[in-house]
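In case you want the letters, here they are:
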Amino acid sequence: MTDAQDLRRRTAELLAAHPPATTDRLEFLRARFDAGLAWVHFPAGLGGLDAPRSLQAVVDAELAAAGAPDNDPGRIGIGLGMAAPTVLRFGTDEQKQRFLRPLWTGEEVWCQLFSEPGAGSDLAALATRAVRDDEEGWIVDGQKVWTSSAHLARWAILIARTDPDVPKHRGISYFICDMTDPGVEVRPLRQITGEAEFNEVFLTGVRIPDAHRLGAVGEGWKVAQTTLMNERVAIGGSHIPREGGMIGVAAADWRARPALRTHDLHQRLLKLWVDAEVARLTGERLRQQLTKGQPGPEGSGMKLAFARLAQEISGWEVEFLAEDGLTYDDWTMRRPDGVDFTGREAGYRYLRAKGNSIEGGTSEVLLNIVAERVLGLPPEPRTDKDVAWKDLPR
């Protein structure tokens, strides 16, 4: 069994063989993956050592102290948080060997082709079609929307309808789509922030080899559940220190501007601080539970809390800063590499937080998940559960 002492030894060996100060960044990241120190809980040969997930912190601390480069997780978060655990669980040996290493090193960026204009909250009603071309591949046609990082991505995780004659949850298959293939068109979606962090993606006659299918034909919804559960943990359950994240920025503003303080704002800040700390500690417990298996529906609760807190804290900050809270640095249309909730001004945080209750599953859908799967409440009536997708009204 790999323990903390063994991981420190392996990390020291990596640093000795590849000194961060003199080693090319990509070369170091590749060496770290090959040493099993990328995801220590992944299998040996796939970036891990079959070690407990909790020991990843040991490796990360040693490498940070040595000034080693990271893999820019903010830029490749979809690959790390959604694609990787899905490929690990459902991928073939060939798929794992092909995709996991360049995914982790950041050589290949991933995006998620799930949401559609006509099937937002009801994802299982998606209409993008994948039709067998021959025994070796599929032809995909459709449109996806709200696709983060599609303008940067080499690969996408994609769900498409392969059988319209069965109920909507049963006729879906899961694919890996090459974003550089003919027929893939990415268009920017300008947001309230002025930026185009999201995109819409049009798929016209895109050919995907059957070797890039994850899971069995028609069982894509099952595969997608792994992606979605990990997505919600990635969004709402990230590790932050006490008074970190957006509440840390708000608290710093409060301490730096005593002239703007009022009793009402103070009471509201105290409540938000406590709520943020409760959410942080709950996230720590959730990450400890992850060491025992796949994430469950509890991640939906964390994502709900994250969205609410982000919107309430950013709203408090804009109100506290008065006219300074209304300033915004640049409305120029641009396509950023990621989201920065702490490094920019209050106006950006306030506007960008509006999307937190939509992305990664709307808060309304997540409330249903928590009610049914966590609290055990009766499910809502679903009249379309046993109706073939092709017979559903649209």
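All values derive from a computational prediction rather than experimental measurement. (Residues numbered from 1 in each chain as written. Predicted model: local features only at pLDDT ≥ 70, side-chain atom pairs only at ≥ 80, totals over all residues. Heavy atoms only, no water.)

Observations regarding the pairing of strand β7 (residues 198–209)
So the rule is basically this: Any two strands are treated as partners once DSSP identifies two or more bridges connecting them. Counting from the N terminus, the helices are the DSSP runs of H or I reaching at least four residues and the strands are the DSSP runs of E reaching at least two.
Bridging between strand β3 (residues 137–144) and β7 involves seven bridges; their strand directions are antiparallel. Looking at β7, one finds that K144 is bridged to V201. As paired elements, strand β6 (residues 184–189) and β7 share six bridges and run antiparallel to each other. By the bridge assignment, E185 is partnered in β7 with F202.

Things to note about the environment of T262
Here is the rule: A 1.4 Å probe rolled over the protein chains alone gives each residue an accessible area, and that area as a share of the maximum for its type sets the label: buried under 20%, exposed over 50%, partly exposed in between.
With respect to the helices, strands and loops of the structure, T262 is situated in the loop between α7 (245–256) and α8 (263–290). T262 gets classed as partly exposed once you look at its relative accessible area, which sits at 39%. Considering only alpha carbons, one finds T262 and F320, 58 residues apart in sequence, at a separation of 8.8 Å.

Description of the packing of aromatic side chains
We describe a pair of aromatic rings using the distance from one ring centre to the other and the angle between the two ring planes. This is how the line gets drawn: Aromatic pairing here means that ring centres of Phe, Tyr or Trp (its six-membered ring) are within 6.5 Å. Orientation follows from the plane angle: under 30 degrees is stacked, over 60 is edge-to-face, and everything else is tilted. Whether a charge sits over a ring depends on NZ of Lys or CZ of Arg being within 6 Å of the ring centre and within 35 degrees of the ring normal.
A complete count under the given rule lists 14 aromatic pairs for this structure. Aromatic side chains F33 and W39 sit 6.2 Å apart centroid to centroid with 75° between the ring planes, which places their arrangement in the edge-to-face category. Judged by its relative accessible area of 5%, F33 is buried. What makes W39 buried here is its relative accessible area of 10%. On the basis of an interplanar angle of 85° and a centroid distance of 6.0 Å, the ring pair of W146 and F198 is categorised as edge-to-face. Remark: F198 occurs in strand β7 and W146 occurs in the loop between β3 and β4 (155–161); sequence separation between them is 52 residues. By the ring-pair criterion, three or more aromatic residues cluster together here, those being F33, W39, F42 and W104. Against the face of F202 rests R187, its NZ or CZ located 4.0 Å from the ring centre. Across from the ring centre of Y348, 3.8 Å away, lies the NZ or CZ of R344, which sits over that ring.

Points about the side chain of Q112
For clarity, the threshold we go by: Every residue pair with non-hydrogen atoms within 4.5 Å of one another is taken to be in contact.
Among the secondary structure elements, Q112 is positioned in strand β1 (residues 110–113). A relative accessible area of 13% means that Q112 is categorised as buried. With near-sequence residues (within four places) excluded, Q112 lies in contact with I78, M82, T147, I157, T227, L228 and E231.

Considerations on the packing of helix α4 (residues 77–90) against helix α5 (residues 93–105)
Inclusion rule: Between the N-to-C directions of two axes lies an angle of 0 to 180 degrees, each axis being a line fitted to C-alpha atoms and, for a helix, fitted only over the stretch in contact. Any angle that falls under 35 degrees is termed roughly parallel, while one over 145 is termed roughly antiparallel, one within 65 to 115 roughly perpendicular, and all others oblique. Each crossing gets its handedness from the near helix: less than a right angle anticlockwise from the far helix is left-handed, clockwise is right-handed.
Contact geometry of α4 with α5 gives a least axis separation of 10 Å together with a crossing angle of 165°. Considering their axes alone, α4 and α5 lie roughly antiparallel with respect to each other. The hand of the α4/α5 crossing is left-handed. For the pair formed by α4 and α5, the contact residues are G79, L80, A83, A84, V87, L88 and F90 on the first element and Q95, K96, L100, L103 and W104 on the second.

Quick word on helix α2 (residues 25–34)
For clarity, the threshold we go by: In the analysis that follows, any N or O atom pair within 3.5 Å is treated as a polar contact, provided that within protein one partner can donate a hydrogen and the other can accept it, and provided that, for residues neighboring in sequence, both atoms belong to side chains.
Every buried residue of α2 is accounted for by F28, L29, A31, R32 and F33. Buried residues along α2 sit against α1 (4–17), α3 (56–65) and α5. The N-cap residue of α2 is D24: its side-chain oxygen and the backbone nitrogen of L26 are 3.1 Å apart. Positive phi shows up at G36, right after α2, with a value of about 80°.

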